[in-house]
Amino acid sequence: MSMLVTGGAGFIGANFVHHRRASHPQERLVVLDALTYAGNLQSIAPLLDAGEVHFVRGDICDDALLARLFAEHDFAQVVHFAAESHVDRSIVAPDAFVRTNVNGTLSLLKAALAAHRKTGTLQRFHHVSTDEVYGSLGLSDPAFQETTAYAPRSPYAASKAASDHLVNAYGHTYGLLITISNCSNNYGPFHFPEKLIPLMIVNLLQGKPLPVYGQGANIRDWLHVSDHCTAISAILDRGRAGETYNVGGNSEVANLELVHQLCDAFDARFLGDPDLRRRFPASPASQGRPSRELVTFVQDRPGHDYRYAVDTSKISAELGVRPLVALADGLASTIGWYLDNEAWWRSVMTGEYQNWVNSHYGAAS
Ligand SMILES: NC(=O)c1ccc[n+]([C@@H]2O[C@H](COP(=O)([O-])OP(=O)(O)OC[C@H]3O[C@@H](n4cnc5c(N)ncnc54)[C@H](O)[C@@H]3O)[C@@H](O)[C@H]2O)c1
């Protein structure tokens, strides 16, 4: 049984490859990834070195490459993570989002359908999407359900909404055996430090400002990436074709509160650890000062969605999937991962990433 994993060198894709490899060692995983700034082969290096995963560097918009891969591997399952995924970037430069998220998904659907018509092997095309397609909630609005009308508000969310519609259309029109998951904000290992939690962690370690949009009042639902991977695996194994499943952490928190939680966890961790204070001397925690002093309010993101919340009753009732990692525990283990994997985050924070961060948040002194 072969599975194509697109975007398997990115944050969630890499976590999924580790997860799936451990839970289904009999499956052959083929990772297709263009290795944009967000893709990092180091995240799956041990599996590649051990020959447990086959890697192809390539673009999901490359029809000829896709046709060749489907012919070579006769995939039984496709899990589609590859995307441009950062909302801030989509506001500045939306074209890449339409290219990869919309056109790339269409290319993949076309290749999957053509292969399925030839061999009949493909049992599932799973599309990994976001709760942001549903738009923004007020404080007392009910959480997003699978039936909530789409109302995307950023170019990123619009491109993901378009890709969801295409995937559903291929299910309805051509009978492709599709599923979609719409998930809330993930965090955990291998997360590129432009997204909120890893950015805060690496800045805390280096004593750099912690940029918080507006007053930090926007509310997000956080899910540890391992719980997301479990949910995707369950949908692949037991989910009904043609269905959409919402996935969330049942863990809503305002951005400022989240940053404060991270700061306090840092202070506690550094307090009893002279080795950490030696390794990261620029961190306020190393100097006995509160990490919260680094919080810096910056101009709000245009069109910033106020609140996301996900109703997870469908996946819970149908597939028995519930988040297992509590936010406080997940944040502590994620901080631990970045402390243990300094080489990983330092290596990804070069070149384009640095230019991007500096142009948006200013070069830290
Ligand atoms: N991160 C989250 O919190 C979150 C939440 C819900 C849904 N999602 C969705 O999950 C998926 C994965 O998100 P992520 O956070 O891991 O993203 P990411 O940005 O970390 O990784 C994306 C990966 O896709 C690859 N890629 C980009 N363009 C490509 C192309 N044209 N061809 C081949 N590969 C390409 C990149 O190299 C990278 O490895 C995305 O579809 C995203 O919309 C993410």
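Just so it is clear, the structure is predicted and the values come from calculations on it, not from any experiment.

**Student:** Sorry, what's going on with the overall build of the protein here?
**Tutor:** Within the protein one finds 14 helices and 12 strands. Taken over the C-alpha trace, the protein has a radius of gyration of 20 Å; the compact-globule value for 365 residues is 21 Å, and the two agree within 12%. Counting only residues that meet the buried cut, the protein has 46% of its 365 residues in that class.

**Student:** What am I meant to see in the sheet that holds strand 9 (residues 219-224) here?
**Tutor:** Two pairing modes exist for strands in a sheet, parallel and antiparallel, and in both the strands are linked by backbone hydrogen bonds. Strands sit in the order 7-9-11 across an open sheet of 3 strands; the sheet is mixed. Two strands close off the open sheet at either side, each with one partner strand: strand 7 (185-187) and strand 11 (252-254). Ignoring which end each strand starts from, the neighbouring axes of this sheet average 50° apart. As paired strands, strand 9 and strand 11 are joined by 3 bridges and run antiparallel to one another. Of the residues in strand 11, the one forming a bridge with Arg-220 is Val-253. Those strands touched by helix 8 (residues 225-238) are strand 7 and strand 9, and its axis lies near 70° from that of strand 9.

**Student:** Help me out: how do you make sense of the sheet that holds strand 1 (residues 2-6) in this one?
**Tutor:** If you walk across this open sheet you meet the 7 strands as 3-2-1-4-5-6-10, and the pairing is parallel. Two strands close off the open sheet at either side, each with one partner strand: strand 3 (53-57) and strand 10 (244-247). Strand-to-strand twist across the sheet, computed as the mean angle between neighbouring axes with direction ignored, equals 20°. As paired elements, strand 1 and strand 4 (residues 77-80) share 4 bridges and run parallel to each other.

**Student:** What should I look at first to understand the site of the ligand in this one?
**Tutor:** Residues in contact with the ligand amount to 31 residues; listed here are only the nearest, Gly-7, Gly-10, Ala-38, Gly-39 and Ala-83. Within the residue set of the shell around the ligand, elements represented by two or more residues are helix 1 (11-23), helix 5 (95-119), strand 5 (124-130) and strand 7. Partitioned by chemical class, the residues of the shell around the ligand number 14 nonpolar, 13 polar and 4 charged.

**Student:** What's the story with the nonpolar core in this structure? I'm lost.
**Tutor:** For soluble globular proteins, the rule of thumb is that nonpolar side chains tend to be buried together. Val-5, Val-17, Val-31, Ala-112, Leu-204 and Leu-262 are the most contacted members of the largest nonpolar core, which has 92 residues in total. Here this core takes 8 residues from helix 6 (residues 155-174), the largest share from any one element. Among all residues touching Leu-262, those that are not within four sequence positions of it are Met-200, Ile-201, Leu-204 and Leu-331.

**Student:** Whenever I open this one, the pairing of strand 9 confuses me. Can you help?
**Tutor:** Side-chain direction in a regular strand flips from residue to residue, so the side chains alternate between the two faces of the sheet. Buried residues dominate strand 9, accounting for 5 of its 6 residues. Sheet topology note: the strand 7/strand 9 ladder contains 3 bridges and is parallel. The residue bridging Asn-186 from the neighbouring strand is Leu-223, located in strand 9.

**Student:** Could you clarify how one ought to interpret helix 12 (residues 327-340) in this entry?
**Tutor:** Side chains of residues three or four places apart in an α-helix project in the same direction, reflecting 3.6 residues per turn. End to end, helix 12 covers 20 Å across 14 residues, agreeing with the expected 20 Å (1.5 Å per residue, within 8%). Along helix 12, the residues classified as buried are Leu-327, Gly-330, Leu-331, Thr-334 and Ile-335. Across the axial projection of helix 12, the buried residues extend over an arc of 135°, all falling on one side. Opposite its buried face, helix 12 presents the exposed residues Ala-328, Asp-329 and Asp-340, each directed more than 90 degrees away. Buried residues along helix 12 sit against strand 7, helix 7 (196-206), strand 9, strand 11 and helix 9 (255-271).

**Student:** Which parts of the structure should I look at to understand helix 1?
**Tutor:** Compared with an ideal rise of 1.5 Å per residue, which puts 13 residues at 18 Å, helix 1 spans 19 Å between its outermost C-alpha atoms and is within 8% of the ideal. Residues of helix 1 that are buried include every one of Phe-11, Ile-12, Gly-13, Ala-14, Asn-15, Phe-16, Val-17, His-18 and Arg-20, and no others.

**Student:** Looking at this model, I keep getting lost on unusual backbone geometry. Mind explaining?
**Tutor:** Look at Leu-35: it is not a glycine, yet its phi comes out positive at around 55°. Within the element layout of this structure, Leu-35 appears in the loop between strand 2 (28-33) and helix 2 (45-49).

What counts as what
- Residues numbered from 1 in each chain as written.
- Predicted model: local features only at pLDDT ≥ 70, side-chain atom pairs only at ≥ 80, totals over all residues.
- Helix = DSSP H or I, 4+ residues; strand = E, 2+ residues; numbered from the N terminus.
- Rg over C-alpha atoms; globule rule 2.2 N^0.38 Å.
- Buried ≥ 20, exposed ≤ 12 C-beta atoms within 10 Å, placed from the backbone.
- Pairing = 2+ DSSP bridges.
- Axes fitted to C-alpha atoms, helices over the stretch in contact; angles between N-to-C directions.
- Contact = placed C-beta atoms within 7 Å.
- Near = placed C-beta within 6 Å.
- Nonpolar A, V, L, I, M, F, W, Y, C, P; charged D, E, K, R; others polar.
- Core = buried A, V, L, I, M, F, W, Y, C linked by C-beta atoms within 7 Å.
- Expected span 1.5 Å × (residues − 1).
- Arc of directions from axis to C-beta.

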